[in-house]
Amino acid sequence: MIKKKSKTKYATTKPQEGKQTLAFTTKVDFMIYGGARGAGKSELLAMRPLEFVNDPFFSGVFFRRHYNELTGAGGLWDKSLKMYPEFKASKNISNLRWDFKSGAQVRMSHMHTEDHAYTHRGLQYSFIGFDEIDQFSQSQVQFLLTCLRSEADMDSFCIGTCNPSPSSWVYPIVKWYLDEEGTPDPEKCGVIRYYIVLDGEFVFGDSEEYFKEHHPDSVHVHNPLTGGTIYIPPKTFTFIAGK
């Protein structure tokens, strides 16, 4: 986890009490932050990397499906213009990138076509943020999740925002957090679950032990260096509903 020396002290830009603060303090590999318009989803997303910008190895990236969604009024670039200067960041408008004094970087990109995901092959990110994650394909998101690794002094993670529709691929992965009417269950908000990706699908369980018992070959993989096996724990996930 990130050490105290790398954390950034907030001034006026900080999460609101309640669900935004919960999203900041819950440490998981993959989080969906949901809610209807007015839930503060994009604000939370734009703010989230700022905790780590004193780390010179931090590299964050935001995605929208289309370029104009990044740069339009109220988009992520617009929101970052109101937050990031407070942290002494310099902007590179042509590349939609923020450079911090430490050497940390946060940039914005789009994935208009399915193949755009593969332009990130081999790259490493400390943080990935998908604004309206349900507008991307499941395969795009799963591919980018494999890029979550870096030399930064923190655990790499991904946050996606959306108001999950029953017709979206996101809905099945947050369904456990909903009640019978399809609205968020307050008692399950922020509960940490575990997952693996098996044959292109998310498989969830309530504990690491579930995967050791039911999917042992997915968490105990062959180590070609020793000829034995190595334990790869399942990833952690949660869903937090805004308003």
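Predicted, not measured: the structure shown is a model, and the values here were computed from it.

Asks: Could you clarify how one ought to interpret the sheet that holds strand β8 (residues 193–198) in this entry?
Replies: Where strands meet in a sheet, backbone hydrogen bonds hold them as pairs that are either parallel or antiparallel. An order of β3-β4-β5-β2-β6-β7-β1-β12-β8-β9 is seen for the ten strands of this open sheet, with the pairing classed as mixed. If you trace the sheet from one side to the other, it starts and ends with β3 (90–92) and β9 (201–205), each paired once. Between one strand and the next, the sheet's axes are offset by a mean angle of 25 degrees, whatever the strand orientation. One ladder, built from five bridges, connects β8 with β9; its direction is antiparallel. By the bridge assignment for β9, Y195 is matched with F204. On the sheet, helix α4 (residues 76–83) packs against β2 (59–64), β3, β4 (97–99) and β5 (105–110) and is oriented at approximately 20 degrees with respect to β4.

Asks: Would you mind showing me how to read empty space enclosed by the protein here?
Replies: In this approach a probe as big as a water molecule rolls over the atoms, and the regions it shows empty are the leftover space. Applying the stated criterion across every chain yields a total of one cavity of 30 Å³ or more. By volume, the largest cavity is sized at about 30 Å³.

Asks: What's the story with the packing of aromatic side chains in this structure? I'm lost.
Replies: To describe a pair of aromatic rings, one takes the distance between the centres and the angle between the planes. Tallied over the entire structure, the rule returns 22 aromatic pairs. Three or more aromatic residues joined by ring pairs form one cluster here, namely F30, W169, W176, Y177, Y195, F202, F204, F237 and F239. One Lys or Arg, R48, reaches over the ring of F24 and ends 4.5 Å from the middle of that ring. K188 extends its terminal NZ or CZ atom over the ring of W176, reaching a point 4.5 Å from the ring centre.

Asks: What exactly am I supposed to notice about the layout of surface pockets here?
Replies: As a volume, the largest pocket reaches approximately 430 Å³. Around the largest pocket sit 15 residues that line it, and L145, T146, Y195, V197 and K235 are the ones nearest its centre. When contributions to the lining of the largest pocket are tallied by element, the ones reaching two or more residues are α5 (138–145) and β8. A breakdown of the residues in the lining of the largest pocket according to their chemical character gives eight nonpolar, four polar and three charged.

Asks: Even after reading the chapter, I still don't get the nonpolar core, so can you show me in this structure?
Replies: A general trend in soluble globular proteins is that nonpolar side chains are found buried together. In terms of nonpolar packing, the biggest core is built from 33 residues, with L50, F58, F62, Y84, F100 and I159 touching the most fellow members. Broken down by secondary-structure element, the contributors of at least two residues to this core are α1 (19–25), β1 (30–34), α2 (41–47), α4, β5 and β7 (157–162). The greatest single-element share of this core, amounting to four residues, is contributed by α2.

Asks: Where do I start with the side chain of T236 in this structure?
Replies: The topology assignment puts T236 in strand β12 (residues 235–241). Other than its neighbours up to four places away in sequence, T236 contacts K27, V28, D29, F30, I192, R193, Y194 and Y195.

Asks: Looking at this structure, how should I read the pairing of β2?
Replies: Taking burial as the measure, the six residues of β2 include five buried ones, the bulk of the element. Where β2 meets β5, six bridges bridge the pair, whose relative direction is parallel. Bridge pairing in β5 places R64 opposite H110.

Asks: Just to check I follow, could you spell out the pairing of β7 for this structure?
Replies: Every regular strand shows the same layout, with side chains that alternate between the two sheet faces. Along β7, six of the six residues are buried, which leaves the element largely enclosed by surrounding structure. One ladder, built from five bridges, connects β1 with β7; its direction is parallel. Following the sheet pairing, I32 is matched in β7 by G160. Of the strand pairs in this sheet, strand β6 (residues 127–130) and β7 are connected by four bridges, and their pairing is parallel. Across the sheet, G129 pairs through a bridge with I159, a residue of β7. Read as a crossover between parallel neighbours, the route from β6 over α5 to β7 is right-handed.

About the thresholds
Residues numbered from 1 in each chain as written. Predicted model: local features only at pLDDT ≥ 70, side-chain atom pairs only at ≥ 80, totals over all residues. Heavy atoms only, no water. Pairing = 2+ DSSP bridges. Helix = DSSP H or I, 4+ residues; strand = E, 2+ residues; numbered from the N terminus. Axes fitted to C-alpha atoms, helices over the stretch in contact; angles between N-to-C directions. Contact = heavy atoms within 4.5 Å. 1 Å grid on protein atoms, 1.4 Å probe; cavity = no way out; pocket = protein on both sides within 12 Å on 5 of 7 lines; lining within 4 Å. Points joined across faces, edges and corners; volume = space filled by probe spheres on them. Phe/Tyr/Trp six-rings, centres within 6.5 Å; stacked < 30°, edge-to-face > 60°. Lys NZ or Arg CZ within 6 Å of the ring centre and 35° of its normal. Nonpolar A, V, L, I, M, F, W, Y, C, P; charged D, E, K, R; others polar. Core = buried A, V, L, I, M, F, W, Y, C linked by side-chain atoms within 4.5 Å. Buried < 20%, exposed > 50% of the residue type's maximum accessible area, 1.4 Å probe, protein only. Right-handed = clockwise from strand over helix to strand, strands pointing away.

Function cannot be inferred from these measures alone, as they are strictly geometric.
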